[in-house]
Amino acid sequence: MTRAEWWSRRTTFADWGPYALLGVAVLTAAGSAGVVGMTRGELYAAAGLVAAALVLEVTGTRVTRGRPERGRTGAFLYFVRWAIAFVLTWLNPFCAFYAVTGYYTVGRQLPRRLMLPGVCLTAVTMAGSEIGGMPPRGAVAWTGFAVVLGVNIGMVSLFTRFAEQEQARVTTQAETIAELERTNTALQQALEENAALHAQLLVQAREAGIADERRRLAAEIHDTLAQGLTGIIAQLQVVTAAPDAATARVHVERAAALARHSLGEARRSVHNLAPVALAADGLPEALRKTVAEWGERNGTRADFTLTGTAEHLHDEVSATLLRIAQEALSNAARHARAGRVGVTLSFMGDEVSLDIRDDGTGFAPAAVPARTRGGGFGLEGMRARAERIAGSVAVESEPGQGTAVSARVPLVRHD
């Protein structure tokens with residue numbers, strides 16, 4: 001039986017229970033009237049009291065309907081019922097069935113301060129019935145009355161205590177259930193908010209990914225087409241000032257080679273944005289060739305050095321380091337007016353280091369202007385590339401003291 005069903009039955013019994021007990025009392029008293037020796041006057045008095053009890057129950061049900069039973073009205077009804085039941089029990093002990101109603105309604109009709117007196121009065125009525133009727137006759141009867149009364153009060157007090165504990169437990173359970181319902185509601189709201197935040201984060205991550213991909217594509221285009229075109233322009237400018245046809249032819253051939261190389265880079269970028277130099281060679285060999293070609297093209301001594309045990313790096317790591325080297329060499333050609341450039345690739349356990357040093361004019365890193373729309377990606381682009389794979393780029397330079405660019409990235413092997 002659920003708590004709701006139990007309470008429904010309890011409420012129903014509160015409505016018809018007093019009538020049922022009064023009916024039982026009337027039937028048993030009528031059947032035993034001759035045995036207990038009720039006179040005609042006592043029978044008339046009992047009939048009147050039964051009628052008064054019926055009026056009391058009907059009136060009480062109407063008065064307390066829709067309002068709390070505890071209070072002055074409830075106490076009045078309780079004590080009037082007790083008085084009627086007491087007199088009926090005095091006339092006939094079997095009328096005590098109606099007096100039992102007091103045990104049941106004491107917690108519903110009486111305030112807490114009147115509950116003990118009410119229970120004691122009902123126990124007096126019940127004890128008088130249990131010893132054979134009121135008043136007790138003789139010392140033995142009074143002693144039995146006192147014992148029975150004490151037992152009734154003790155049992156009722158014990159059961160009342162159990163009932164209060166049960167009621168407290170039920171109340172605590174109800175409060176716990178209500179608290180759980182509030183917690184579940186708050187949790188559901190939190191889950192809905194988390195779902196909304198998750199969706200928002202997904203949108204932001206997608207937008208950030210799109211922006212990052214755009215920057216990466218811009219850097220790839222800069223490293224392939226822009227640098228190639230810059231080299232072609234430089235070679236053609238030399239052609240215009242060449243003293244003879246042989247010198248001009250050499251620079252035209254270099255410009256054509258650069259154009260073919262740039263075209264290859266552009267095609268490769270369309271497919272997977274990986275540098276052409278890495279298509280057939282690993283990073284060390286690609287850097288060696290890039291440094292040699294750059295030195296020949298710019299007429300500058302350029303040396304490549306490999307330290308440590310070379311390993312087959314992940315494609316993204318190799319492409320990043322190669323692009324950083326190309327950008328650093330491009331900057332050296334355009335700005336440094338260096339007589340010597342050194343590129344060192346070092347494999348150091350779980351890290352790869354790339355160092356590009358020149359003996360050019362140098363500069364003050366703090367005074368480098370912001371990148372313009374027409375300029376290259378420069379230091380900003382190199383740092384962004386390294387940070388994309390959890391690496392870093394450091395620059396050391398002073399005016400007249402040359403420049404050193406150092407890139408460090410995690411060693412991630414090719415899968």
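Below is a short write-up of the structure. (Residues numbered from 1 in each chain as written. Predicted model: local features only at pLDDT ≥ 70, side-chain atom pairs only at ≥ 80, totals over all residues. Heavy atoms only, no water.)

With respect to helix H9 (residues 283–298)
No. 1: Taking 1.5 Å of rise per residue, the 16 residues of H9 would be expected to cover 22 Å, and the 22 Å separating its terminal C-alpha atoms lies within 8% of that figure.
No. 2: Turning to H9, its buried residues number three or more, namely Leu283, Pro284, Ala286, Leu287, Thr290, Val291, Trp294 and Gly295. The buried residues of H9 occupy one face: seen down the axis, they fall within an arc of 160°.
No. 3: Buried positions along H9 lie against strand E1 (301–307), helix H10 (315–336), strand E2 (340–348) and strand E3 (351–358).
No. 4: Two residues or fewer past H9, Gly299 is found with a positive phi of approximately 65°. (Helix = DSSP H or I, 4+ residues; strand = E, 2+ residues; numbered from the N terminus. Expected span 1.5 Å × (residues − 1). Buried < 20%, exposed > 50% of the residue type's maximum accessible area, 1.4 Å probe, protein only. Arc of directions from axis to C-beta. Contact = heavy atoms within 4.5 Å.)

Some points on the sheet that holds E2
Sheet strands pair by backbone hydrogen bonding; their relative direction is either parallel or antiparallel.
No. 1: Strands sit in the order E1-E2-E3-E5-E4 across an open sheet of five strands; the sheet is mixed. The sheet terminates laterally at E1 and strand E4 (392–397), the two strands that pair on one side only. Averaged over all pairs of adjacent strands, the angle between strand axes in this sheet comes to 10°, irrespective of strand direction.
No. 2: Summarising the sheet, E2 and E3 pair through eight bridges and their orientation is antiparallel. Looking across to E3, one finds that Val343 is bridged to Ile356. (Pairing = 2+ DSSP bridges. Axes fitted to C-alpha atoms, helices over the stretch in contact; angles between N-to-C directions.)

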